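Letter by letter, the chains look like this.
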Amino acid sequence: MPCYRASSSRPCADILFCFPSSLHSENEFTFLLPLFPRRFMMWPMTPRTLQFTLSSLRTSRLGLFRSLDFKQCTAELILRGCYQAELGYPRQMCSTPSLLTPGCDVGRDIIQNSKEVLSLLQGKNPAFKPVLAIIQAGDDNLMQEVNQNLAEEAGLNITHICLPADSSEDEIIDEILKINEDTRIHGLALQISETSFSNKILNALKPEKDVDGVTDVNLGKLVRGDAHECFVSPVARAVIELLEKSGVNLDGKKILVIGAHGSLEATLQCLFQRKGSMTMSSQWKTPQLQSKLHEADIVILGSPKPEEIPLSWIQPGTTVLNCSHDFLSGKLGCSSPGVHGTGPIAEDVSLLAAALRIQNMVSSRRRWFREQQYRRWRLHCLKLQPLSPVPSDIEISRAQTPKAVDILAKEIGLLADEIEIYGKSKAKVRLSLLERLKDQADGKYVLVAGITPTPLGEGKSTVTIGLVQALTAHLNVNSFACLRQPSQGPTFGVKGGAAGGGYAQVIPMEEFNLHLTGDIHAITAANNLLAAAIDTRILHENTQTDKALYNRLVASVNGVREFSKIQLARLKKLGINKTDPSALTEEEMRKFARLDIDPSTITWQRVMDTNDRFLRKITIGQGNTEKGFSRQAQFDIAVASEVMAVLALTDSLTDMKERLGRMVVASDRNGQPVTTGDLGVTGALTVLMKDAIKPNLMQTLEGTPVFVHAGPFANIAHGNSSVLADKIALKLVGEEGYVVTEAGFGADIGMEKFFNIKCRASGLVPSVVVLVATVRALKMHGGGPSVTAGVPLKKEYTEENLQLVADGCCNLEKQIQIAQLFGVPVVVALNVFRTDTRAEIDLVCELAKRAGAFNAVPCYHWSIGGKGSVDLAQAVREAASKKSRFQFLYDVQLPIVEKIRTIAQAVYGAEDIELSPEAQSKIDRYTEQGFGNLPICMAKTHLSLSHQPDKKGVPKDFVLPISDVRASIGAGFIYPLVGTRY
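Read on for a plain summary of the structure.

**Structural notes on the packing of helix 8 (residues 234–245) against helix 9 (residues 262–274)**
So, point 1. Put simply, helix 8 and helix 9 touch, their axes get as near as 9 Å, and they point 35 degrees apart. In terms of crossing hand, the pair formed by helix 8 and helix 9 is right-handed. Residue-level contacts link Val235, Ala236, Arg237, Val239, Ile240 and Leu243 of helix 8 to Leu264, Thr267, Leu268, Leu271 and Phe272 of helix 9.
So, point 2. Residue composition of the contact of helix 8 with helix 9, grouped by class: nine nonpolar, one polar and one charged.

Quick look at the structure:
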């Protein structure tokens, strides 16, 4: 496309606006000039050429003239390439009006290319359509329609926020900040007066949404040479494009930029200098302006030319382009006053700039999509300086300064609006991430389990942390650890915290082990709210008539009485198909209002998160206001609440609400289950849990990411971190990454429940099991003396004893076999202690491989960090490359008794099971109530494969007693109580 040059001959334009030669002034038509998406020239000609009436323009693809009143005016348009006989151009070049007009190859190609790129992106994600927001102060309907048309042509959505022309700086910034936080909007441009372009306004824009490249961040990246990582001003790019497409060689040219300010001036200078041009900047009142204009080969007008500047200052042949703010917004005609016709002719860059803005939008979305695909994180890992002897865990944790959590979040691909920061080292991750990454392939799923442990624990959390530190910090592989949040009960007890240990920890450990972000407190509040609702409902039903109770439940508000949604659900459950509260019969009102809870069947207890043995059995309701209603109750530990199990197994806020509503808290006097939904408190519980559902982001000692979320015990619940944390982590690591999560206690408990309960709920398929063993635990299973927390180990555990190790490997072999029942390869991780000898280590690894382990590797992460688990990481990667043959242990459609028997015999090695009368009665009741198809969550001791904690190794010839059976309907499992402990 040629630029116009000052010349005495008629210029060659893309479109010539011709008017009858009888007219003496073309000013009568200059009002039309800004309306065309490409500047055209006026020239007096006789009406012998191709005729177009202005009325026909109203129906053109431009769509710009439909609202204009042309008062029956007619005019003649000559398109470049019309008849050769008349204009001397080849006939084959003739074209017709379109969005960018004939001959505008640059703009047309940009829009077409943008459309094709968007089409490809939407092929991968059909629901995705980028949205550009334009904040406009004042009435500039012309450019608004131009932007709208270009966006529609390319396939973008566009939204205009129209503010009054006299909007203050703060009012404009308020709108900018709203759009910054709106995840539905992907780009933001400002269409405001030039006087409003303050630094405060410009830098209020989020750099990643700044499609006009006006923020300091984008300008800084451009100056640094990182143009591919930032937005560049579309106006400045349009100037360069027009010059180069017109055949102007910019190398060595003298460029004068007049009257430009701020980001436009800086961008023009930067771009021209990179083309080899010598660039000068000047304002209109500069004393040396005339000499500068004489020297310039190309003049860029950044603001309108004042009347007092004569045209004669610009040398003939000088290329002039006008990109002033008023010119681009259509407030001026073809050029500044006096410039057109007798002197240099300004090329309009407005439409090309608008097209390049669209291209910026599309390029940013393409870059964003590329970033969502699998990529190796550019993670800044923290360096360790291990000491010997190894200091205490708290000393190690406090010696390492964690990265700011927002930096960690950015490194692993989280967007700024996907995290909620708690202090400097913790953040919650919003579930919207799952929607954004729903088409992303999952990474490999690794479970860390263990052999039957000593009361001291064998270091599964430490192995988990050491493994991800090795994968990410030392092998440069994306990996995530997903851990449970520890209860304050064990934390303040003998066991202590659960952040790992030595040089394989989550930091800061105090934050990890104590309140974290308050999830367990939210569970406590929700649980106890429900407990209070149960007793309050019984009290009111015992003390009020049917009518009074009904009137309280369905109260009149401002004279209007109506059922809530949850009450309508209860009516439906009761078979009452009425929506008018006044239409119910007395019997229907009684059925609706009275739950008729049998106090002896209440299974819902109050909870707290610290150990207090004197609250294990209590009597409630002894106050005078309770009117003699009292009963025996108890407190449980908070993490034993079914609300915790629900949190760990849910996959969305909606699912969590449904699960909370299904929780069975008691039976009525007819033996039917009473649920949270019946009590009408489902919404209240969900509100209390609305933040707890979001996983917590932390980091390891080496700066690799960790999710800490949910913390159900493994003996009385399923003992795994949340499904949501795993799902989000699997998306973030990408298809070549690894998510490493831990199951509580031995493989017979935590791993079995992980496969049969958690994997059923999540639909996720595990790739590898890492089975943690220690020489200490193997010696115990081989006949060594008892191990007691808080008591020094006997010499058998601190001195080499190969026989004890060999005899104890029967437990390791059994746990390997349990994992193989599910078709998942096993890698044994021997957590090495300083008292272990080389002979003992080699013996364990050899016997593990003989027992069927894919590999067995000694690990030293506790003493030296991730470097000490590199061999384990490599073994896990090799095992994960094999095709998984994962299968469940049982079909959930089997009767409850048969599912219990399958676990007892196949996993624990029992000969059979023995049900108490109470257990059998409960099974019959749950089956009758329709809960018989739920998976089983066995509640048994973790210190033995059997129900007897003192039976070590691999107990044989035992019958597993089932003393009771309970149901967690909201969580979605039946839990039998094994033995007499529970």
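The discussion continues.
**Quick word on the nonpolar core**
So, point 1. Counting 139 residues, the largest nonpolar core has Phe480, Leu697, Phe707, Leu732, Phe755, Leu812 and Leu960 as the members making the most contacts within it.
So, point 2. Top contributing element to this core by residue count: helix 19 (residues 519–543), with ten residues.
So, point 3. Grouped together as the second largest cluster of nonpolar side chains are 53 residues, Ile110, Ala154, Ala260 and Leu271 included.

**Structural notes on the pattern of salt bridges**
So, point 1. A full pass over the atoms with the stated rule returns 41 salt bridges.
So, point 2. With a closest N to O distance of 3.3 Å, arginine 669 and aspartate 596 form a salt bridge. In this pair, arginine 669 sits in the loop between strand 25 (664–667) and strand 26 (673–675) while aspartate 596 sits in the loop between helix 22 (586–593) and strand 21 (606–608), placing the two residues 73 residues apart along the sequence.
So, point 3. Note that aspartate 842 and arginine 838 form a salt bridge whose closest N and O atoms lie 3.2 Å from each other. On the criterion of helical spacing, the pair formed by aspartate 842 and arginine 838 is a turn pair, its members being four residues apart in helix 32 (residues 838–850).
So, point 4. With a relative accessible area of 48%, arginine 838 lands in the partly exposed category.
So, point 5. Through salt bridges with shared partners, a single ionic network connects Glu420, Arg430, Lys690, Asp691 and Lys694.

**Things to note about the packing of helix 20 (residues 546–553) against helix 22**
So, point 1. Where helix 20 contacts helix 22, the axes come no closer than 9 Å and their chain directions differ by 65 degrees. Both helix 20 and helix 22 take part in a crossing whose hand is left-handed. Packed against helix 20, whose contacting residues are Asp546, Leu549, Tyr550 and Leu553, the element helix 22 presents Met589, Arg590, Phe592 and Ala593 at the interface.
So, point 2. Classifying every residue of the contact of helix 20 with helix 22 by side-chain character gives six nonpolar, no polar and two charged.

Cut-off values and rules
Residues numbered from 1 in each chain as written. Predicted model: local features only at pLDDT ≥ 70, side-chain atom pairs only at ≥ 80, totals over all residues. Heavy atoms only, no water. Axes fitted to C-alpha atoms, helices over the stretch in contact; angles between N-to-C directions. Helix = DSSP H or I, 4+ residues; strand = E, 2+ residues; numbered from the N terminus. Left-handed = near helix turned anticlockwise from the far one by under 90°. Contact = heavy atoms within 4.5 Å. Nonpolar A, V, L, I, M, F, W, Y, C, P; charged D, E, K, R; others polar. Core = buried A, V, L, I, M, F, W, Y, C linked by side-chain atoms within 4.5 Å. Buried < 20%, exposed > 50% of the residue type's maximum accessible area, 1.4 Å probe, protein only. Salt bridge = Lys/Arg side-chain N within 4 Å of Asp/Glu carboxyl O.

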